[in-house]
Amino acid sequence: MRKPIIAGNWKMHNTIAEGMKLIRGLIPLVKGVKDVDIVVCPTATALAVVTSTLRGKNIQVGAQNVHWEKDGAYTGEIAAPMLKEIGVKYAIVGHSERRQYFGETDEGVNKRARAAFAAGITPIICVGESLATREKGTYLRFVARQVRLATNGFQPEEAAKLVLAYEPVWAIGTGKTATFEQAEEVCAHIRQTITRLFGAAAGDKIRIQYGGSVKTATIRGLMEKPDVDGVLVGGAALKAVDFSQIVKFQ
Ligand code: PEP
C-alpha cells in the first residue's frame, strides 16, 4: 500500500507573515491526519521559519527547487545540504514553470533530483506535456522520456523512494483540470515506465501525484484512481481551508 502524499506548492506567493498565517490556520485543520503525508512548499525566505514552526507536527516542508552542487559559485541557488540543515524533507524539481521560464533541462532536473536524494531529501520530480504535445497525441511517449531522463542513474531501491508528479502544462494554473481518466492514463504509464526501467518492486512502490488545478471538487475522483497516489496543488494550497479539505479528500 502506498501512503498518499499531498503537497502544496506556494510558488512565489506569501511573505513570511502571510505564510505563517496560512500555516497557523492549517495546523488545527489537519490535526490528527496520519494516513497522508502532508507537505507545504514555501518560498525560500520562509523555509526556515515554517520548518521550525512545523517541527513535531504532521506537516512536512518542501523546497521549490534545489541545486546539484553542495556549494560553490552559483548565485541565487540553494544547495541540498543547506535545505537539509533546516529540516526540509522534500524538494520539487523540474516544475514546468522552472523548465519554461528558467530554461531547466531534463539533464539539470536529473542532477537536481540526484543531489537532493543524496542529501536525504525526497525529490518531487515534475513531468508533463504541453497542450501542443497532447493535441499531437504523443504525450505518453513524451512523459515517459522525461521520466527516463529525470531518473537516470538512480538504483532501483532509490527509484522506489522518489515522488513523481504528473503535471500537464495545459492544466497548471489554468483552472482546467485533466479528467480523472486522463490523469490515471498518464500516471499508470509513468508507473509502467518505472517498472520497465527499475523493476516491478520500484514500480509498485513509487508514489505518483497528479497536479494541475486540483480543487476540493476534484480531489476525491482523482484519489479514487489506482495509480494516483496524491496531488501537487498550486492555487488551492494558498487557502488553509481548501488545502485541508484536499488533504482529507473532502
Ligand atoms: C503547481 O504549481 O504545481 C500546480 C499544479 O498549480 P495549480 O494547482 O495552481 O494548477
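Residues numbered from 1 in each chain as written. Predicted model: local features only at pLDDT ≥ 70, side-chain atom pairs only at ≥ 80, totals over all residues. Heavy atoms only, no water.

### With respect to the packing of aromatic side chains
Each aromatic ring pair is specified by the distance between its two centres and by the angle formed by the two planes. According to the stated counting rule, one finds two aromatic pairs in the structure shown. With a centroid separation of 5.6 Å and an interplanar angle of 90 degrees, the aromatic rings of Phe117 and Phe154 are classed as edge-to-face. A residue pair is termed long-range when its members are at least 10 positions apart, and Phe117 in helix α5 (residues 106–118) and Phe154 in the loop between α7 (139–150) and α8 (156–159) qualify at 37 residues. According to the relative accessible area criterion, Phe154 is buried, its value standing at 6%. (Phe/Tyr/Trp six-rings, centres within 6.5 Å; stacked < 30°, edge-to-face > 60°. Helix = DSSP H or I, 4+ residues; strand = E, 2+ residues; numbered from the N terminus. Buried < 20%, exposed > 50% of the residue type's maximum accessible area, 1.4 Å probe, protein only.)

### Side note on the site of the ligand
Among the 14 residues in the neighbourhood of the ligand, the closest are listed as Lys11, Glu167, Gly173, Ser213 and Gly234. Within the contact set of the ligand, an oxygen atom lies 3.2 Å away from a side-chain nitrogen or oxygen of Asn9. A distance of 2.6 Å separates an oxygen atom of the ligand from a polar backbone atom of Gly173. With the chains in place, 95% of the 290 Å² that the ligand exposes on its own is no longer accessible. Per-class residue counts for the shell around the ligand are four nonpolar, eight polar and two charged. (Near = heavy atom within 4 Å. Polar contact = N/O pair within 3.5 Å; in protein donor to acceptor, adjacent residues only side chain to side chain. Areas by Shrake-Rupley, 256 points an atom, 1.4 Å probe, with all protein chains shown as cover. Nonpolar A, V, L, I, M, F, W, Y, C, P; charged D, E, K, R; others polar.)

### A closer look at the packing of helix α1 (residues 16–30) against helix α12 (residues 240–247)
Between α1 and α12, the shortest axis-to-axis distance is 9 Å and the interhelical angle comes to 35 degrees. The handedness of the crossing between α1 and α12 is right-handed. Here Leu22, Gly25, Leu26, Leu29 and Val30 of α1 come into contact with α12, specifically with Ala240, Val241, Phe243, Ser244 and Val247. (Axes fitted to C-alpha atoms, helices over the stretch in contact; angles between N-to-C directions. Left-handed = near helix turned anticlockwise from the far one by under 90°. Contact = heavy atoms within 4.5 Å.)

### Section: the environment of Leu149
Structurally, the position occupied by Leu149 is in helix α7. A relative accessible area of 24% places Leu149 in the partly exposed class. In this structure, the C-alpha to C-alpha distance between Leu149 and Phe243, residues 94 residues apart in sequence, is 31 Å. Those residues in contact with Leu149, other than ones at most four positions away along the chain, are Asp106 and Asn110.

### Observations regarding the side chain of Arg112
Checked against the element boundaries, Arg112 lands in helix α5. Here Arg112 is in contact with Asn65, Val66, His67, Trp68, Glu77, Val93 and Glu104, once residues within four sequence places are set aside.

### A few points about α7
For α7, which comprises 12 residues, the first-to-last C-alpha distance of 16 Å matches the rise-based estimate of 16 Å (1.5 Å per residue) to within 8%. Those residues of α7 that sit buried are Tyr139, Val143, Ala144, Gln146, Val147 and Ala150. For α7, the angular spread of the buried residues around the axis is 160 degrees, confining them to a single face. Its buried side turned inward, α7 meets α4 (96–102), α5, β5 (122–127), α6 (131–136), β6 (163–166) and α9 (180–198). (Expected span 1.5 Å × (residues − 1). Arc of directions from axis to C-beta.)

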